[in-house]
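Each chain is listed here by its residues.
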Amino acid sequence: MTDFTSVQNKVAIVTGASDGLGKAIAMCYAEHGMKVVVSDINEEKGSSVVKEIKSTGGEASFFKTDVSKEEDVKGLVDFTIETYGRLDGIVNNAGISADNRPTHEYSISEFDKLTSINLKGVFLGMKFGIEAILKSKVSAGFVINIASLAGLLGNSSMAIYTSAKHGVVGLTKSAALDYAPYNITVNAICPGTIKTSIWGNAPEEVIQQYAKLLSPNGRLGDPKEVANLALFLASDLARYISGSAITIDAGSSAGKLTPSQWTHPEILD
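**Student:** Can you help me understand the pairing of strand β5 (residues 141-146) in this one?
**Tutor:** Looking down a regular strand, the side chains alternate between one sheet face and the other. Within β5, 6 of the 6 residues are buried, leaving the element largely enclosed by the surrounding structure. Here β5 shows two buried faces, one formed by G141, V143 and N145 and the other by F142, I144 and I146. Where strand β4 (residues 89-92) meets β5, 4 bridges bridge the pair, whose relative direction is parallel. Looking at β5, one finds that V91 is bridged to I144.

Shown next as structure tokens:
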């Protein structure tokens, strides 16, 4: 069943929506008839996403937000209510990465910056977003937090990022229980290695080498694949799914890859 008409006219906030996963989710939502508030700290790129959505017949607005600041996130939610009259759901996607290094070599300021955006920012989005969803008295509210495989598994040289993403998963599970009686679903998406601008100007051959190393199926994920999952979770097709941390990683989190020789490789001929 692929009927997503249930999302039409829903009002959703997507944070960190100027690029990458956030942009893909915002574009996907608008394509299926949702009214999207594009939120990002980068006003130029965020406004460009809104223009792109409008050029294809979608409905969207931009609000500049630093998700680590309480007043910004509250302002974002207030703007949404003032503009569209209600809030059906929020996708807390905004986040930053950190350089890989042993735990003891991170500075206190690096810890504070990363957790203020990756964990506190999600909490603020949930706090003010859920308050608005409850006040809007919508029948099928939703919260989607973009976590990571690092929210489920340990990662060497990524202690701060990993701890923040584990926190996101914990927030998700607890809030799912808080708001289940009010028909608000709360889920986390845990992407594996996705092809976004984080790769910068890396040559395609380098990207493909990493893809073979990091992904069981030998390719990087497409942001649109994550967006499709976010669309499903926002729809009535997923009303019985809550408190889940859903991986989208080609099986990376399933276990260890062990090379083996097929007895009958000719089956592929």
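**Student:** Can you help me understand unusual backbone geometry in this one?
**Tutor:** Trans peptide bonds make up the majority, and among non-glycine residues the majority have a negative phi. The phi angle at S157 is positive, at roughly 65°, despite the residue not being glycine. Among the structural elements, S157 can be located in the loop between β5 and α6 (159-179). Phi at A250 is positive, roughly 60°, even though this residue is not glycine. Mapping A250 onto the fold places it in the segment after β7 (245-248).

**Student:** Explain the environment of S116 to me, please; I cannot follow it from the model alone.
**Tutor:** You can see S116 is positioned in helix α4 (residues 108-118). Separated by 58 residues in the primary sequence, S116 and S174 have C-alpha atoms spaced 20 Å apart. With residues near it in sequence (within four places) discarded, S116 still touches S68 and G121. A distance of 2.8 Å separates a polar side-chain atom of S116 from the backbone oxygen of K113.

**Student:** What's the story with helix α3 (residues 70-84) in this structure? I'm lost.
**Tutor:** Because the α-helix completes a turn every 3.6 residues, residues three or four places apart line up on one side. Helix length check: α3, at 15 residues, gives a terminal C-alpha distance of 21 Å against a target of 21 Å (1.5 Å per residue), a fit within 8%. Along α3, the residues that are buried comprise V73, G75, L76, V77, T80 and Y84. For α3, the secondary structure elements touched by its buried residues are β1 (11-15), β2 (35-40), β3 (59-64) and α5 (120-136). G85, located one to two residues past α3, shows a positive phi value of around 85°.

Calculation rules
- Residues numbered from 1 in each chain as written.
- Predicted model: local features only at pLDDT ≥ 70, side-chain atom pairs only at ≥ 80, totals over all residues.
- Heavy atoms only, no water.
- Buried < 20%, exposed > 50% of the residue type's maximum accessible area, 1.4 Å probe, protein only.
- Helix = DSSP H or I, 4+ residues; strand = E, 2+ residues; numbered from the N terminus.
- Pairing = 2+ DSSP bridges.
- Contact = heavy atoms within 4.5 Å.
- Polar contact = N/O pair within 3.5 Å; in protein donor to acceptor, adjacent residues only side chain to side chain.
- Expected span 1.5 Å × (residues − 1).

Geometry only, nothing functional implied.
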